[in-house]
Amino acid sequence: MKTKILLDEGEMPKRWYNIQADLPRPLDPPLHPATGKPATPDDLRPIFPMELIRQEMSRERYIDIPAEVRDILTLWRPSPLYRARRLEAALKTPAKIYYKWEGVSPPGSHKPNTAIPQAYYNREEGIERLATETGAGQWGSSLAFATSLFDMECTVYMVRSSYEQKPYRKSMMQVYSAECIPSPSLKTRSGRMVLGRDPDTPGSLGIAISEAVEDAASHDNTNYALGSVLNHVCLHQTIIGQEAKQQLAVAEAYPDVVIGCVGGGSNFAGISFPFAGEKITGKHPDIDIIAVEPAACPTLTKGLYTYDYGDVAGLTPIMKMFTLGHDFVPPAIHAGGLRYHGASPLVSRLAHDGVIRPVAYYQNEVFEAAVTFARTEGIVVAPEAAHAVKAAIDEALRCRETGEAKVILFNNSGHGNFDFSSYEAYFAGMLADYEYPVELIKESLSRLPVTG
């Protein structure tokens with residue numbers, strides 16, 4: 001019996017899947033932050049290359065992956081699909097658990113799947129430098145890796161709490177020639193404003209995004225790159241789910257349950273959108289698609305589906321999404337990549353329409369699941385990916401109770417080799433199970449932008 005299913009490099013998808021083509025009605029358009037009117041391609045030109053703007057707005061079902069991008073992706077793709085037989089045995093479940101292992105990429109996560117094409121399209125339009133934000137550091141590491149391959153400069157604003165928790169992510173970025181700055185910083189106007197209000201802030205992705213966008217907008221040779229949330233980022237990640245579908249076909253299987261963790265939504269979109277499209281079109285209407293988030297940052301489970309800024313300073317387009325309020329600053333939990341106030345407009349739309357099902361977990365139960373996984377499957381996963389592990393274990397235990405032999409697929413989006421301080425805190429009993437108070441969420445939501 002096979003433990004892992006591998007595809008040949010020639011079997012790697014040559015096109016990205018665009019779920020916008022299968023939505024029953026188009027997404028609500030992003031709005032210009034100054035005028036409140038639908039944003040045009042020209043509005044986005046100061047910070048994005050034209051090809052990414054086109055992909056952002058496209059409703060074509062498939063978009064070709066450039067040959068140069070595919071060539072670089074073969075450094076680690078196609079990634080393996082594992083059957084978690086040892087985990088199944090430990091759980092005494094009749095379920096079949098499969099996981100897509102994205103930790104095989106050079107920076108150790110799924111993030112290079114979009115970092116490479118973003119750097120490529122910017123290089124093609126003559127951009128010399130990219131500015132970005134990062135939470136846990138996986139995206140910053142990945143963009144640094146990508147820009148190093150295209151001989152570009154890179155500046156990364158890393159959320160301060162993660163910068164302090166994960167110093168070796170900064171070291172990895174420096175190896176790839178990138179500059180890594182703790183956010184909020186004194187380098188930007190938006191950073192200085194936040195520090196003026198709260199010098200001890202742990203920072204947030206919303207703050208770091210403001211700094212990166214401001215940096216890009218104020219330098220002619222610089223564009224902005226985002227590691228999650230936007231449509232083109234979700235598009236690039238669908239290579240994960242497309243590969244998984246091919247690999248499951250080898251095993252003569254199709255998932256009953258698909259699971260991914262959600263911060264902004266990119267790795268979840270990557271594993272789930274090719275299957276969500278088949279749910280929407282009626283090909284597989286009964287598939288259960290689960291989006292997992294931390295109880296400390298409950299965007300999909302407790303947020304509001306409305307228009308909001310993607311950043312604290314209100315520099316980004318206003319997007320229709322589930323949000324906790326753009327100036328929401330979550331506690332400094334160890335799953336730093338999931339500390340975002342909003343969720344991808346596409347992921348939010350699927351949650352609003354009932355295509356996907358959101359759940360939230362506390363830190364300690366997530367780390368307990370991660371330890372169970374490490375002691376059976378051998379892989380120490382990142383705290384973000386551990387949320388998907390927890391949901392997969394819960395679904396498998398439910399199958400043990402019902403006797404159903406469901407096929408469970410989850411995205412194991414990255415390794416935890418830079419996260420041992422988090423595991424150390426777990427073993428020392430120092431992790432707080434924080435649930436963000438509803439009244440504070442309501443307070444943050446009271447400051448939403450006025451639209452229409």
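The coordinates are above.
Calculation notes
- Residues numbered from 1 in each chain as written.
- Predicted model: local features only at pLDDT ≥ 70, side-chain atom pairs only at ≥ 80, totals over all residues.
- Heavy atoms only, no water.
- Pairing = 2+ DSSP bridges.
- Helix = DSSP H or I, 4+ residues; strand = E, 2+ residues; numbered from the N terminus.
- Contact = heavy atoms within 4.5 Å.
- Axes fitted to C-alpha atoms, helices over the stretch in contact; angles between N-to-C directions.
- Polar contact = N/O pair within 3.5 Å; in protein donor to acceptor, adjacent residues only side chain to side chain.
- Buried < 20%, exposed > 50% of the residue type's maximum accessible area, 1.4 Å probe, protein only.
- Core = buried A, V, L, I, M, F, W, Y, C linked by side-chain atoms within 4.5 Å.

Digging into the sheet that holds strand β11 (residues 288–294)
For step 1, the next point in the chain: Read from one edge to the other, the open sheet built from seven strands follows the order β1-β4-β5-β15-β10-β11-β14, with strand pairing classed as mixed. Each edge of the open sheet is held by one strand with a lone partner, namely β1 (4–5) and β14 (357–361).
For step 2, the next point in the chain: As defined by bridge partners, β1 adjoins strand β4 (residues 81–83) across two bridges and the pair is classed as antiparallel. Bridge pairing in β4 links K4 to Y82.
For step 3, the next point in the chain: Running over the sheet, helix α12 (residues 239–250) touches β1, β4, β5 (96–101) and β15 (407–412) and is turned about 140° from β5.

Topic: the environment of D215
For step 1, the next point in the chain: On the secondary structure map, D215 appears in helix α10 (residues 205–217).
For step 2, the next point in the chain: Sequence spacing of D215 and N364 is 149 residues, and the spatial spacing of their C-alpha atoms is 37 Å.
For step 3, the next point in the chain: Among all residues touching D215, those that are not within four sequence positions of it are R129, A131, T155, Y157, K187 and T222.
For step 4, the next point in the chain: Polar contacts involving the side chain of D215 include one to the side chain of R129, which spans 2.8 Å.

Topic: unusual backbone geometry
Peptide bonds are trans in most cases, and residues, glycine excluded, mostly fall at negative phi.
For step 1, the next point in the chain: In this chain, R77 is followed by P78 through a cis amide linkage whose omega measures -5°.
For step 2, the next point in the chain: Looking at the secondary structure, you find P78 in the loop between α3 (67–73) and β4.
For step 3, the next point in the chain: Cis geometry is adopted by the peptide bond preceding P184, which originates at S183 and carries an omega value of 10°.
For step 4, the next point in the chain: Tracing the sequence through the fold places P184 in the loop between β8 (179–183) and α9 (189–197).
For step 5, the next point in the chain: We note that S177 has phi near 75°; this positive angle belongs to a residue other than glycine.
For step 6, the next point in the chain: Checked against the element boundaries, S177 lands in the loop between α8 (167–175) and β8.
For step 7, the next point in the chain: Even without being glycine, E252 reaches a positive phi, approximately 55°.
For step 8, the next point in the chain: Along the chain, the position of E252 falls in the loop between α12 and β10 (257–261).
For step 9, the next point in the chain: On the basis of relative accessible area, E252 is assigned to the exposed category, the value being 76%.

Points about the sheet that holds β8
For step 1, the next point in the chain: If you walk across this open sheet you meet the four strands as β8-β7-β6-β9, and the pairing is parallel. The open sheet terminates on both sides in strands that have one partner only, identified here as β8 and β9 (222–224). Within the sheet, the average angular offset between the axes of one strand and its neighbour, ignoring direction, is 25°.
For step 2, the next point in the chain: Bridge count for strand β6 (residues 129–134) against strand β7 (residues 153–159) is six bridges, and the pairing is parallel. Note on β7: the bridge partner recorded for L130 is C154.
For step 3, the next point in the chain: The strands touched by α10 within the sheet are β6, β7, β8 and β9, with β6 carrying the most contacts at an inclination of about 170°.

Quick notes on the nonpolar core
For step 1, the next point in the chain: Grouped together as the largest cluster of nonpolar side chains are 69 residues, with contacts concentrated most on I116, F273, L300, L350, I356 and L409.
For step 2, the next point in the chain: Among the elements that line this core, the one with the most residues is helix α13 (residues 266–280), at six residues.
For step 3, the next point in the chain: Those residues in contact with F273 that lie beyond four places of it in its chain are Y17, I19, C234, T238, F268, L346, V347 and L350.
For step 4, the next point in the chain: One finds Y82, L87, V359 and A392 within the second-largest nonpolar core, a separate group that totals 37 residues.

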